[in-house]
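Coordinate analysis (summary)
As a plain string of letters, each chain reads:
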Amino acid sequence: MASIPTAMGSRSVAQRWLHTLRLALRALRRDWQSGELRVLALALLIAVASVAAVGFFNDRVQQAMERKASELLGADLVIAAPNPIRPELIEAARRQGLQTAALQNFRSVVLAGDAMQLAEVKAAGPGYPLRGALLISDRPFGPARPADGIPNPGQVWVDERLLSALQRQVGDMVELGTGQFRIQQILTDEPDRAGAVFSIAPRVLMNLADVPATGLIQPGSRVEYRQLLAGEPAALAAFRDWAQTRLQVGEKLQGVRDARAELRVALERAQRFLNLAALVSVILAGVGVAIAARRFAARHWDSVAILRCVGATQGVIVRLFALELLALAVLAGMAGLAVGYGAQFGLSEVLGSLLSQADLPAPSWQPLLPALLTGFITLLGFGLPPLLRLRAVPPLRVLRRDLGPVDARLLALYGPAVAATLALLIWQAGEWRLALYVCGGVAGTVVVLALAAWGLVRALGLLRGRVGVAWRFGVANIARRGSGSTVQVVALGLGLMALLMLTLVRAELLANWRASLPADAPNHFLINIQPDEVAGVRAFLHERGLQDVELFPMVRGRLTAINDRAVGPDDYEDSRAKRLVEREFNLSWTDRLQGDNRIVAGRWWQDGDSAMGAASVEKGLAQDLGIALHDTLRFQVAGQPLEAQVTSLRSVEWDSFRANFFVVFPSGVLDRYPATWITSFHLSAGQQTVLADLVRRYPSVTVLDVDALMNKVREIMDRVSTAVEYVFLFTLAAGLIVLYAAIQATQDERRFESAILRTLGARRAVVRRSLLAEFALLGLLAGVLAAAAATLLGYVLASHVFDFAYRWSPWVWLAGGGIGMLGVGLAGLLGARSALNQPPWRALREL
Amino acid sequence: MRVDHEQGTGSGVDPSARLAVNDSANNIMIRVEDLGKQVVSPEGPLVILTAVDFRIGRGERVAVVGASGSGKSTLLGLLAGLDAPSSGRVWLAGVDLGALDEDGRALLRAERVGFVFQSFQLLPGLTALENVMLPLELAGQADARRQAFELLERVGLGARARHYPAQLSGGEQQRVAIARAFAGNPDVLFADEPTGNLDQKTGHRIVELLFALNREQGTTLVLVTHDTELAAYCDRVLELDDGRLSERPPARTAGG
């Protein structure tokens, strides 16, 4: 070093910093050339890249969502209700000077000759839409233009899917209930199209004035009534305040923020998931940084001692290394941003098509800063503490090489890392609780890994006397290095766990998830089967080879009281519970427990239950609404009260696509209430004619084709898991870095030991065996622990996040132990190869 | 295998084997001929040793002295087969080191050579006892543990057998290193500045111990040092000056 930053008292502070910066940059170049900083830089790069990729993608989605937000409703505010909107509400809105337009949404079958198709019908009144625009075109896939108003009476606008399903063209006639309509235009877009992700059936837009002529809306029909409102913010707020207190059960106000809730929720969940996946890579990369920084620091003890010896103050040492590291962080961060920017295109490719707008807006520069900051926080938290210890290197080390820095307290070393992790999690997850959960999970995993590793390392100590020289040496090394080996096993374990999670456990989870939706799952529902049609429909299906079709009675009712205590939406905080109490849900009766139902508390029907009024409640509903076994429930069914005691709680597989019910009664209890029947069955592609025949024979029966929905669900499963896998590639890279850093960490010691062993006359094979013994054992320990952790994590994910039974697999254990032993053993040998091939004298004198 | 110029060819007998017989018969433990060592440094090739020739007889105690950078340690490394020469040859216990591969040299070391280093070079992962056992085990000796323990007792550290190097003082570590060096009765013991890291008093004790064991076992001792007092314990003194070797008589005879 040309000059030492000491006698600079006369210079200004700025000059001093500048001088130190120059020195730091020179040191950076030198350390980079000697390869010491590469692991550190790579770990930082991965951390920044993973956050940047997810950040850029989320930013694009956010932009797309916000750009469309005002148009999502077709209005500024909407009153929605299952019954016709009360005129007093509409009057009140008009009094505030708000524009209004009426809508009715319902489902119906559209017929054209022999062809039929279930459609989502929207009947619009004049003025619709109040915000945004309808886009129409004259022919399928033709150029779209904004529509002027709504369809004229007698006309419908339909989307292309309906035309192709019915084999019709613009200008042809279709039947909707008892009405006849001419297809006038192709509807290409509407502002309030129901969540694009989940829209099942093609859209028909008709004039509200035509609805009575169809005869489709009868008392009890499922119709969503919507009154669109638009106007000045003040007027809207005034109306909202006025209406809020006057809404009746079932009536809802929806603002722009509630729009496209399901799409928004799904995307937000996906974004959060991706964020967390990115953070896992960051934390892993942090571990890599910590290990690499420790080694970097240890290798600089000598030069620091010399610097101190010639008069560098502790402050100078700290500034020097801090600046060197910051410079590295900037460079690695920039590279990480570039990689992340490139990677987000892939992510958009995978997930972009789930959004209705095919092209996402270009990413803004906003995510740059958070990604860079992530890099800095990772470096500060994980990398700086070991480097700061450098200032504690005593100058006396120049004379006595055995002197190192005074041992720092554990808190000083790992406190910043924990703090950095927490800060990142809270910042990215945006939620204290979630952040604490994840942090607790990671910390718990590390602690358990550490304890287990420590125990295993101790246990190895007992073995050392019983094996040959090479193995004894390797085993002794692990046991002797106690804490160091524990750290190494934990680091290797984390890396291996990431690998196992990403390969085996992930594949198992996905396979399990897919298996929960088998290929022959019911894909058609029949609803609105009248009691006198039940026998006929069953026979009809039986004749056509659908043998085991079960028909269930269905009565709609609303829960009004639990144990004589009246319940309403205000009694619950949870939004799902509020909704459940607000709306009617399906009640049924049966004498036989359904195949996929399981009693989890209480007992199935006994004699006398029918007379007493017994009920079996789905456990999720019971949990949400606070219903316990033996509670007395009161329902309002078709205007009449019904009381029953809960005699059992059931678990239900909701995603089985079979008909299932929240509350089931024994037969007899619901006899006096009006019921319709429901069934579901699987129909393969070639059997579609069955449906046409059925509808012709039983016109009032409604067929729901959920094939499209199921495919959509499958597609979402595929895409979300692909996206997460994609982000997990970074985690994988981070895991590999940790593995590499952990092996690198003790390389110097091992070179020394190999040299000594060979000096004392050990053949290379012996040295190699001892290295292999040590690394393979370390790898085996780490692998087994990693398998345990991965299995546990997989189990928790399966049972608590994805909600299905986890199957234990021996492969995770075999692979964990095997990969750990072979991989770490070979990697360790490769790392020590140069030391083995060098004459021992040179190795000894270099160290 | 290289052809031995000196002994001629065509005899059909392995020349180094024949030489071994000769050297043994002549009681020569180390023979060095025209030894040279160059390394490539950033400023170009650097000559460390040139045309070094000498012989050391069985049981002799030889000090190699010289200024820093005169090539003392390099020479020691070459004598022990820890490094390869650029030119010339070394016979150790009658065996041509250049004719052996790395593992062959390791085997030779395991059987015949002991080391004491300036910085002790004990393995931190092994106890004092295990450190001493190491060469015995590498040589495949059955009762390594007993022998090692006896040696530790001999150097006065029987009570410390289960300690790790970090738990021992510098002098104690060097005594362990000496016990390790003498384990397995080596023919030759190489010592590289054995007192360099120790205070004078401790250093003195170490020297006494080293020479006492040397006497007991009749070991050939090659000692690199710049300590003239230490050199005076030896039978012969070889001086290295800028890579060239010359022999000078010991300053005074001490100890025997």
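Up top is the structure.
Nothing here was measured: the structure is a model prediction, and the numbers come from that model.

Side note on the overall build of chain A
- Helix and strand counts for chain A come out as 24 helices and 22 strands.
- Each of the 847 residues in chain A was classed as buried or not, and the buried ones make up 51%.
- Excluding contacts between residues fewer than 6 apart, the proportion of contacts in chain A whose partners are at least 24 apart in sequence is 82%.
- Only carbon and sulfur atoms are counted for the fraction: they give 58% of the accessible area of chain A, which is about 38,100 Å².

Overview of the sheet that holds strand β8 (residues 220-224) of chain B
Residue and element names in this part refer to chain B.
- Strand order in the open sheet made by the six strands is β6-β7-β8-β3-β9-β10, with mixed pairing throughout. Only two strands of the sheet have a single partner each, and these edge strands are β6 (113-116) and β10 (244-248). Looking at each pair of strands side by side, their axes are set apart by 20° on average, direction ignored.
- Relative to strand β9 (residues 236-241), strand β3 (residues 61-66) runs parallel, the two sharing five bridges. Opposite V64, over in β9, you have L238 as the bridge partner.
- With respect to the sheet, helix α6 (residues 170-182) is in contact with β6 and β7 (188-192), its orientation differing from that of β6 by roughly 170°.

Side note on helix α7 (residues 200-217) of chain B
All names here are of chain B.
- Look at α7: 26 Å from first C-alpha to last across 18 residues, which is about the 26 Å you get at 1.5 Å a residue.
- Along α7, the residues that are buried comprise T202, G203, I206, V207, L209, L210, F211, A212, L213 and N214.
- Its side-chain oxygen placed 3.2 Å from the backbone nitrogen of K201, D199 serves as the N-cap of α7.
- Looking at the residues trailing α7, positive phi occurs at G218, about 65°.

Some points on the pairing of β9 of chain B
All names here are of chain B.
- Here β9 pairs with β10 via five bridges, running antiparallel. When the bridges of β10 are listed, E239 appears paired with S246.
- From the end of β9 to the start of β10, which pair antiparallel, there are two residues, and D242 there has a positive phi angle of about 50°.

Focus: the interface of chain A and chain B
- Contact residues are listed per partner, giving 26 residues for chain A and 32 residues for chain B.
- In total, about 2,700 Å² of surface goes out of reach between chain A and chain B, with carbon and sulfur atoms giving 62% of it.
- Run the count over chain A and chain B and you get zero salt bridges.
- Where chain A touches chain B, the interface holds two residue pairs in polar contact (both at pLDDT 80 or more).

About the thresholds
Residues numbered from 1 in each chain as written. Chains lettered and ligands numbered in written order. Predicted model: local features only at pLDDT ≥ 70, side-chain atom pairs only at ≥ 80, totals over all residues. Heavy atoms only, no water. Helix = DSSP H or I, 4+ residues; strand = E, 2+ residues; numbered from the N terminus. Buried < 20%, exposed > 50% of the residue type's maximum accessible area, 1.4 Å probe, protein only. Contact = heavy atoms within 4.5 Å. Areas by Shrake-Rupley, 256 points an atom, 1.4 Å probe, with all protein chains shown as cover. Pairing = 2+ DSSP bridges. Axes fitted to C-alpha atoms, helices over the stretch in contact; angles between N-to-C directions. Expected span 1.5 Å × (residues − 1). Polar contact = N/O pair within 3.5 Å; in protein donor to acceptor, adjacent residues only side chain to side chain. Buried area = accessible area lost by both parts, 1.4 Å probe. Salt bridge = Lys/Arg side-chain N within 4 Å of Asp/Glu carboxyl O.

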